[in-house]
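Now for the letters of each chain:
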Amino acid sequence: MIASLSFLGFPDRLAEGRIPRAVIFGAGHGTTYPGQDSSGQALAADAIRTASQDDAPLLENWDFDLDGPLFDGKPASCIDTGDISTTMHDNAGNRARIEAKTREVLALPAVPILLGGDDSVVIPFLAGFTGHGPIWILQIDAHIDWRDEVHGERYGYSSPMRRASEMPHVAGIVQVGLRSVGSARLTEIEAAHRYGSRFVTAREVHTLGVEAALKNIPDGARVVVTLDCDGLDPGIMPGVAARTPGGLTYTQVIDLIAGLGKRAVIAGFDLVELYTPADIDGLSALTAARLLVNVIGAVVRQV
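Now for a quick tour of the structure. Nothing here was measured: the structure is a model prediction, and the numbers come from that model.

## Some details on the overall build of the protein chain
- On a plain count of helices and strands, the protein chain comes out with ten helices and eight strands.
- Expected size for 303 residues packed as a compact globule is a radius of gyration near 19 Å; at 17 Å, the protein chain falls within 12% of this value.
- Principal-axis analysis of the C-alpha atoms gives the protein chain an extent of 50 × 45 × 40 Å.
- When burial is assessed residue by residue, the protein chain has 58% of its 303 residues classed as buried.
- The contacts of the protein chain with a sequence gap of at least 6 include a subset with a gap of at least 24, amounting to 80%.
- In the structure as shown, the protein chain presents an accessible area of about 12,300 Å², 55% of it carried by carbon and sulfur atoms.
- Charge centroids of the protein chain, computed over 25 positive and 37 negative side chains, lie 6 Å from each other.

Given below as structure tokens:
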């Protein structure tokens, strides 16, 4: 299904013979827990697209976040193919379609950019990188998402980093923005530590800067960034299901993205857990849209 609006007015394809640097697609539903409703998060992709429209005529203008125009003076090289078809509670089918779309984008080759959806869509997105590893994961999130199962379901939004740790093509995980309390118990903390996940709390970033996270990423690594919107402070990202004070600032997140683009290769990006019914005057969607601009800017600037 193609959305009525595309991100920044991007086309859904480039001229024949041109390969995009990045491909945006949405996935409203992943693996929804029994008895739960993921329809609020399913509205996120189009909310972000709508929030981007004021900037659509400004692609050639100077962007002070990027220190230059979005595409750095080069021809536009990003497309938005709309949302893939997902159905709430068609969990296995949704996972298959998300993974297939990710593989399709990587085969171009291009950088896949997924707009969720709750955090469960991350599992098939990362699974789609099979054969394109090794990859590192930089997770921006208030929570570690390391539950083995919840309500008998192993592929829900509390489990993406646990499932990622089991993927042979995942070489390492850095988790940044952690704070407060979530579903993790001591057993999940111990499992993450046994795997070797690097924890970087929001407080560490506030005190030491983004290098506290970036130093854990090997130079030249291929990295998939997974951004849960509750990793940011609710003062700028109120549209989440679990608001938690003390989160990362907008500037810290774009500095993470820019710093990653300079020391490693951004191989993929997803943004999840924007819960539009809790948004305030579209602030969260606008913040998410600006974050996506920074990701695209970093991708087109990397060698």
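Further notes follow.
## Focus: the layout of surface pockets
- Of the volumes computed, that of the largest pocket is approximately 580 Å³.
- Forming the boundary of the largest pocket are 33 residues, of which His143, Ile144, Asp145, Gly182 and Ser183 lie nearest the centre.
- Its residues assigned to classes, the lining of the largest pocket shows twelve nonpolar, twelve polar and nine charged.
- Reported here for the second largest pocket is a volume of approximately 280 Å³.
- Lining the second largest pocket are 13 residues, and of these Leu66, Ala258, Lys262, Ala298 and Arg301 sit closest to its centre.
- For the lining of the second largest pocket, the secondary structure elements donating two or more residues are α9 (250–263) and α10 (283–301).
- The leading source of residues in the lining of the second largest pocket is α9, at six residues.
- The class makeup of the residues in the lining of the second largest pocket is five nonpolar, four polar and four charged.

## Overview of the pairing of strand β7 (residues 222–228)
- Counting buried positions along β7 gives six out of seven residues, so the element sits mostly inside the fold.
- Two elements, strand β4 (residues 135–140) and β7, share five bridges in a ladder whose sense is parallel. Looking at the pairing, Ile137 lines up with Val224 of β7.
- In terms of handedness, the path from β7 via α9 over to strand β8 (residues 265–272) forms a crossover that is right-handed.

## A short note on the environment of Ile135
- The residue Ile135 is located in strand β4 in this model.
- Note: C-alpha distance between Ile135 and Val224 (89 residues apart in sequence) is 6.8 Å.
- Ignoring any residue separated from it by four or fewer positions in sequence, one finds Ile135 in contact with Phe129, His169, Val170, Ala171, Gly172, Arg222 and Val224.

## Observations concerning the pairing of β8
- Where burial is concerned, most of β8 is hidden: seven out of the eight residues are buried.
- Of the strand pairs in this sheet, strand β3 (residues 111–116) and β8 are connected by three bridges, and their pairing is parallel. Directly across from Leu115, in β8, lies its bridge partner Leu271.
- Both β7 and β8 contribute to a ladder of seven bridges, which runs parallel. From the neighbouring strand, Leu227 faces β8, where its bridge partner is Leu271.

Conventions we followed
By convention here, each chain's residues receive numbers from 1 onward along its written sequence. Thresholds applied to this predicted model are a pLDDT of at least 70 for local features of residues and 80 or more for the giving and counting of side-chain atom pairs; totals over whole chains, interfaces and linings are not thresholded and use all residues. Values reported for side chains reflect all heavy atoms of the structure, with hydrogen atoms and water molecules removed beforehand. For helices the rule is a DSSP run of H or I covering at least 4 residues; for strands it is a run of E covering at least 2, with both sets numbered from the N terminus onward. What the globule rule says is 2.2 Å times the number of residues to the power 0.38, and the radius of gyration is computed from C-alpha atoms. Any residue under 20% of the maximum accessible area for its type is buried, any over 50% is exposed, and the rest in between are partly exposed; the area is computed with a 1.4 Å probe on protein chains only. Every residue pair with non-hydrogen atoms within 4.5 Å of one another is taken to be in contact. Per-residue and other accessible areas follow the Shrake-Rupley method at a 1.4 Å probe size, with only the shown protein chains counted as cover for residues. Positive: Lys, Arg. Negative: Asp, Glu. His and the chain ends are not part of the count. Where a charge lies is defined by one atom per residue type, namely NZ (Lys), CZ (Arg), CG (Asp) and CD (Glu). A pocket, in this scheme, is an open set of points on a 1 Å grid over the protein atoms alone with protein on both sides within 12 Å along at least 5 of 7 lines, while a cavity is a set where a 1.4 Å probe fits but cannot get out; residues line either one if an atom lies within 4 Å of a point. Grid points are joined across faces, edges and corners, and a volume is the space filled by probe spheres set on the points. Residue type decides the class: Asp, Glu, Lys and Arg count as charged, Ala, Val, Leu, Ile, Met, Phe, Trp, Tyr, Cys and Pro as nonpolar, and the leftover types, Gly among them, as polar. We treat two strands as partners when DSSP finds at least two bridges between them. Consider the strands pointing away from the viewer: the crossover is right-handed when the path from the first strand over the helix to the second runs clockwise.

All we've got here are geometric facts, nothing functional implied.
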